[in-house]
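Next come the chains, spelled out residue by residue.
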Amino acid sequence: MTRKYFGTDGVRGLVGAAPITPDFVMRLGYAAGKVLAQSESTTTKPIVLIGKDTRISGYMLEAALEAGFAAAGVDVMLAGPMPTPAVAYLTRALRLSAGVVISASHNPYQDNGIKFFSAQGNKLPDAVEAAIEVALETPMECVSSEKLGKAKRLDDARGRYIEFCKSTFPNELDLRGFRIVVDCAHGAAYHIAPDVFHELGAEVIAIGNQPNGFNINDGLGATAPETLAAAVQKNHADIGIALDGDADRLLMVDSTGRIYNGDELLYVMVKDSMATRPLEGVVGTLMTNMALEVAFKKMGIRFERAKVGDRYVLEVLQERGWLIGGEGSGHLLFLDKHTTGDGIISALQVLSALKRSGKTLAQCTEDITFYPQTLINVKVPPGFNWQKNRAILAEKEIVEAELGDAGRVLIRASGTEPLIRVMVEAKSAENAERMARRIADKVNT
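Residues numbered from 1 in each chain as written. Predicted model: local features only at pLDDT ≥ 70, side-chain atom pairs only at ≥ 80, totals over all residues. Heavy atoms only, no water.

All right, on to the sheet that holds strand β17 (residues 407-413) then. Spatial ordering of the open sheet is given by β16-β18-β17, a layout of three strands whose pairing is antiparallel. Two strands in the sheet have a free side with no partner beyond their single neighbour: β16 (373-379) and β17. Each adjacent strand pair in this sheet contributes to an overall mean axis angle of 10 degrees, direction not counted. As paired elements, β17 and strand β18 (residues 419-426) share seven bridges and run antiparallel to each other. (Pairing = 2+ DSSP bridges. Helix = DSSP H or I, 4+ residues; strand = E, 2+ residues; numbered from the N terminus. Axes fitted to C-alpha atoms, helices over the stretch in contact; angles between N-to-C directions.)

What follows is the structure, encoded as structure tokens:
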């Protein structure tokens, strides 16, 4: 099916431009509500949880969604600002029909989006998204007054989620002795993440925890970890934790200010897991560093690449019956801990690995040498198809011939922004940068 509205991570775009407008979001809520109502028993009214990040537009879109669901006869619970994985957890824990998150994740405040979770806390299957798109093509109506949905606030959402996060950390361990800088990106975890680490015993210095509706991801968080690196050194901290706007991504920083991406953190966690239980396989993406594939093979672990996007990593994990996967951007999944990627829970797994081993991040990764990668994002007009551009295809072929078996080229369209992402992996950083720039220049022309 060709998607009209849903991308790789829900419906996303510039606020005020289609489809992120109040009228469309209200129709989206109505369409989703009708699909949910059809799947529920006739004696049970569907209940949906709505959470959001800290963007100013969240108020408007929350009201529009609430109206749409109510018109479809669906009750709503409002969680307020909550991380995306918190909504997934609460939907499952409270036995609700679905969860909805109003967020554009790592994008700037001018963007926003809507993403859905199933009753099991997973991202919606393609078939359900397809059914919602079909429902969107029919006129919006309204159930009779006695069948209208109602709304109420979930007052203890924050406390429930904090306790859930803490429950994923080993009971025999604590974080005493750690001084941690936690960067919340002025996003949805601003009132949650610092408390999780503090309640487990760490000394916490919080930054990016003063959202004003406009500063989400602005020079902070997982998309700008240099700010965290500086804060870690300034405060003589042991480690730094960077989340993104909806707290489903994680990057970390050691005491020297060195930044560790999702691939490196995945390696640390896989090694720690192997010390206590064997792993059959791990899932990465097309962007995952080749060094991981080589290292896992030596460890006797199968490795598979999914399409870029945590939903695709999750799909392959579920198909194989495996537990651990992730991508370099910081989406990390541990299916024995949570049903979706969670930045806070991922950080806790890394910290437990450090605590158990008594090692630093640098020491945990000193036995693997990652291939230099250069990723260049090139803005393009909406609908741009690089696969039909002869100049890009020709340059890609030339670069691949030059690399041989000593590197990779990946070109793909972003699923959330009008960008073409050009990635080159080579044995030297100079070659990776030079070759990626050559291909990116062809996109620009």
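A few words on the packing of helix α13 (residues 390-403) against helix α14 (residues 429-444). Two packed helices can be described by the angle between their axes and the distance between those axes. Running from N to C, α13 and α14 cross one another at 170 degrees; their axes reach a closest spacing of 8 Å. Comparing their axes, α14 and α13 come out roughly antiparallel. Taken together, the residues of α14 that come into contact with α13 (itself represented by Ala391, Ile392, Glu395, Lys396, Ile398, Val399, Glu402 and Leu403) are Arg434, Met435, Arg438, Ile439, Lys442 and Val443. Residue composition of the contact of α13 with α14, grouped by class: eight nonpolar, no polar and six charged. (Parallel < 35°, antiparallel > 145°, perpendicular 65-115°, else oblique. Contact = heavy atoms within 4.5 Å. Nonpolar A, V, L, I, M, F, W, Y, C, P; charged D, E, K, R; others polar.)

Attention shifts here to the pattern of salt bridges. Scanning the model with the defined rule gives 28 salt bridges in all. Across the pair Asp75 and Lys45 runs a salt bridge, and its minimum N-O distance is 3.9 Å. With Asp75 in strand β3 (residues 75-81) and Lys45 in the loop between α1 (22-39) and β2 (47-52), this residue pair connects regions lying 30 residues apart in the sequence. Asp75 gets classed as buried once you look at its relative accessible area, which sits at 16%. Taking the relative accessible area as the measure of exposure, Lys45 reaches 32% and is therefore partly exposed. (Salt bridge = Lys/Arg side-chain N within 4 Å of Asp/Glu carboxyl O. Buried < 20%, exposed > 50% of the residue type's maximum accessible area, 1.4 Å probe, protein only.)

Here the focus is a nonpolar patch on the surface. Together, Ile56, Tyr59 and Phe214 make up an exposed nonpolar region whose accessible area comes to about 330 Å². Residue classification places Phe214 among the partly exposed positions, given a relative accessible area of 43%. (Patch = residues over 30% accessible without salt bridge, like charges linked within 9 Å, V, L, I, M, F, W, Y side chains within 5 Å. Areas by Shrake-Rupley, 256 points an atom, 1.4 Å probe, with all protein chains shown as cover.)

Relative to the helices and strands, Gly113 is located in strand β5 (residues 111-117). When the C-alpha positions of Gly113 and Lys396 are compared, they lie 33 Å apart, and in sequence the two are 283 residues distant. Excluding residues within four positions of it along the chain, Gly113 makes contact with Val11, Arg12, Ile20, Val101, Ile102, Ser103 and Ala104.

A word on unusual backbone geometry. With omega at 5 degrees, the peptide bond leading from Ala18 into Pro19 counts as cis. Structurally, Pro19 is set in the loop between β1 (11-14) and α1. With a phi angle near 65 degrees, Ala247 is a residue other than glycine that sits in the positive phi range. The class of Ala247 is buried, set by a relative accessible area of 1%.

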